[in-house]
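Coordinates in review
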Amino acid sequence: MASSLSYAAFHYGSDSELQRVGVWEVDTVASEKSKYWIIYIHGGAWRDPRIDHKSFIPTIDAVISSQDECKSSISGFASVDYRLSPHPGFPQDPEGTTPRDYRNAFHPDHIKDVWSALRSLQERYAFGSNYVLLGHSAGATLALQLLMGSTALKGSAPPADVALPAAIVGLEGIYDLQGLVDRLGPEYAALFVGAFGDSSNWSDVSPMKFTKSFRSAWSEEHLVVLGWSPEDELIDRPEIEGMQKVLEKDNVNTLALTDLSGTHDGMWEDGRPFAQVIRKTLNHLKSSGLSITRQSSQIFDNDEANNRQGRQWRL
Ligand SMILES: N[C@@H](CC(=O)c1ccccc1NC=O)C(=O)O
């Protein structure tokens, strides 16, 4: 399992204990063009201290224990931690907490950390753009924010020396903060205020509200995969379909996989649903001529309304 791979964690910054990445090497010597690193950004609404880089382990296990030959296209796995905002359910005593352990991040700290983590990984392993970047929930927001450049960095220029990925995979992603609050209720606003301040700041950080082109920063070889499960009790279908429309308007190669199974957090806890998405993404990258493909399932075999009962996250 992941324990059969060599694991190491290193820090890419010194302000916070959370400025670290975990790395599981598979075959990092071969730098063949056809091999990819698989890099994960966890979710937890920018604030949940219970979710960290190790939440990627079940997915790694599911990939390496499968018989699928996609394993031979993987150089290694990495999973990014980043500074978190305060969580009201897990208050910290500012007096008794060291600055390194104090969770008081505020936008753009989270996305700046993701850029720094990628730079550090690229310096160490020299994989350039040969990587697939997956993000779950708030991690999917962060992954797509890389394509938004200075808009998602409060006006600062993104680092010029960091290569963008060959593919971005958004899983159960948050793409429009205001839209989620409007559709699903004011509890969602509480998740976003701690990270971004009041709603006047939300459109700049919401990928679905990006007014420039998602294609302009990106090379010819590129792909966005949007994964979603109808059993997700926290993020609804319009969130994924809305993002898909924006990407397609910008002529981004987009693959929507809306028939995954599992609940919002159950998917990474299980690992197999995300492993399946990784397999499909690698196969898609390998297949020639990345033409725009749609694979959205139109089959509503789950009663979404039932799954929406008690839309409540665990505090
Ligand atoms: N467990 C989180 C909530 C959370 O992660 C979440 C809730 C609703 C919609 C998306 C969420 N996470 C995305 O990263 C918390 O307690 O803050």
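Criteria and cut-off values
Residues take numbers from 1 onward in each chain, read along the sequence in its written order. Side-chain atom pairs in this predicted model are given and counted only at pLDDT of 80 or more, local residue features only at pLDDT of at least 70, and totals for whole chains, interfaces and linings cover all residues. Excluding hydrogens and water, the side-chain values take into account all heavy atoms of the structure. Whether two strands pair depends on DSSP finding at least two bridges between them. For helices the rule is a DSSP run of H or I covering at least 4 residues; for strands it is a run of E covering at least 2, with both sets numbered from the N terminus onward. Fitted lines through C-alpha atoms serve as axes, helices being fitted only where they are in contact, and the angles separating the N-to-C directions of these axes extend from 0 to 180 degrees. By definition in these notes, contact holds between two residues if any of their heavy atoms fall within 4.5 Å. Note on terminology: near, applied to a residue and a molecule or strand, indicates that one of the residue's heavy atoms is within 4 Å of it. The term polar contact refers here to a pair of N or O atoms within 3.5 Å; inside protein, the definition further demands a hydrogen-donor-capable atom paired with an acceptor-capable atom, and it admits residues adjacent in sequence only when both atoms are side-chain atoms. For this classification, Asp, Glu, Lys and Arg are treated as charged, while Ala, Val, Leu, Ile, Met, Phe, Trp, Tyr, Cys and Pro are nonpolar and the rest, including Gly, are polar. UniProt positions are given in the numbering used here, feature names are shortened, and annotations may be inferred rather than shown by experiment. Only protein chains enter the accessibility calculation, which uses a 1.4 Å probe; a residue whose area is less than 20% of its type maximum is buried, one above 50% is exposed, and one in between is partly exposed. Working definition of a nonpolar core: buried Ala, Val, Leu, Ile, Met, Phe, Trp, Tyr and Cys residues. They are joined through side-chain atoms within 4.5 Å. By definition, the crossover connecting two strands over a helix is right-handed if that path, from the first strand to the second, turns clockwise as seen with the strands pointing away from the viewer.

Turning our attention to the sheet that holds strand β2 (residues 20-25). Within the open sheet, the eight strands sit side by side as β1-β2-β4-β3-β5-β6-β7-β8. Their pairing is mixed. Bordering the open sheet on either side are β1 (6-11) and β8 (254-257), each of which pairs with just one other strand. With strand direction ignored, the average angle separating the axes of adjacent strands in the sheet is 15°. Those strands touched by helix α1 (residues 57-65) are β2 and β4 (74-80), and its axis lies near 165° from that of β4. Together, β7 (224-227) and β8 form the strand contacts of helix α7 (residues 237-249), whose direction differs from that of β7 by roughly 165°.

Before going further, it helps to examine the site of the ligand. Not every one of the 17 residues close to the ligand is listed here, only the nearest: Gly44, Ala45, Arg47, Asp48 and Ser137. For the ligand, an oxygen atom lies 2.6 Å from a polar atom in the side chain of Arg47. Between the ligand and His87 there is a distance of 2.9 Å, counted from an oxygen atom to a side-chain nitrogen or oxygen. When its residues are assigned to classes, the shell around the ligand shows eight nonpolar, five polar and four charged.

Before going further, it helps to spend a moment on the environment of Gly271. Inspection of the secondary structure assignment puts Gly271 in the loop between α8 (266-270) and α9 (272-286). Distance in space between the C-alpha atoms of Gly271 and Asp61 is 7.4 Å, their sequence separation being 210 residues. Aside from chain neighbours lying at most four places away, what touches Gly271 is Pro58, Thr59 and Ala62.

What follows is about the UniProt feature "active site" (unreviewed entry) in the chain. On the UniProt side, "active site" (unreviewed entry) is annotated at positions that read Ser137, Asp232 and His264 here. A stretch of 128 residues holds the annotated residues, and the largest C-alpha distance among them is 10.8 Å, short enough that they meet in one place. Turning to its location among the elements, Asp232 is positioned in the loop between β7 and α7. A relative accessible area of 0% means that Asp232 is categorised as buried. Among the polar contacts made by the side chain of Asp232, one reaches the main-chain amide nitrogen of Leu234 at a distance of 2.7 Å.

A few words now on the nonpolar core. Residues Ile39, Phe192, Phe214 and Met243 are the most contacted members of the largest nonpolar core, which totals 64 residues. Apart from the residues within four sequence positions on either side, Ile39 is in contact with Ala78, Val80, Leu118, Leu121, Phe127, Tyr131, Val132, Leu133 and Leu134. In terms of nonpolar packing, the next biggest core, distinct from the first, is built from 34 residues, Tyr40, Ile51, Val132 and Leu171 among them.

Before going further, it helps to spend a moment on the pairing of β7. Here β7 shows no split at all, with Val224 and Leu226 on one side and Val225 and Gly227 on the other all buried. Pairing between strand β6 (residues 167-171) and β7: four bridges, direction parallel. Residue Leu171 lies in a different strand from β7, and its bridge partner there is Gly227. Inspection of the sheet shows β7 paired to β8 by four bridges, in the parallel sense. Paired with Leu226 across the two strands is Ala256, which belongs to β8. Each parallel crossover has a hand, and the one from β7 via α7 to β8 is right-handed.

As a further point, take the pairing of strand β5 (residues 131-136). Taking burial as the measure, the six residues of β5 include six buried ones, the bulk of the element. The pairing of β5 with β6 spans five bridges and is classified as parallel. By the bridge assignment for β6, Leu134 is matched with Val169. Handedness of the β-α-β unit built from β5, helix α3 (residues 138-145) and β6 comes out right-handed.

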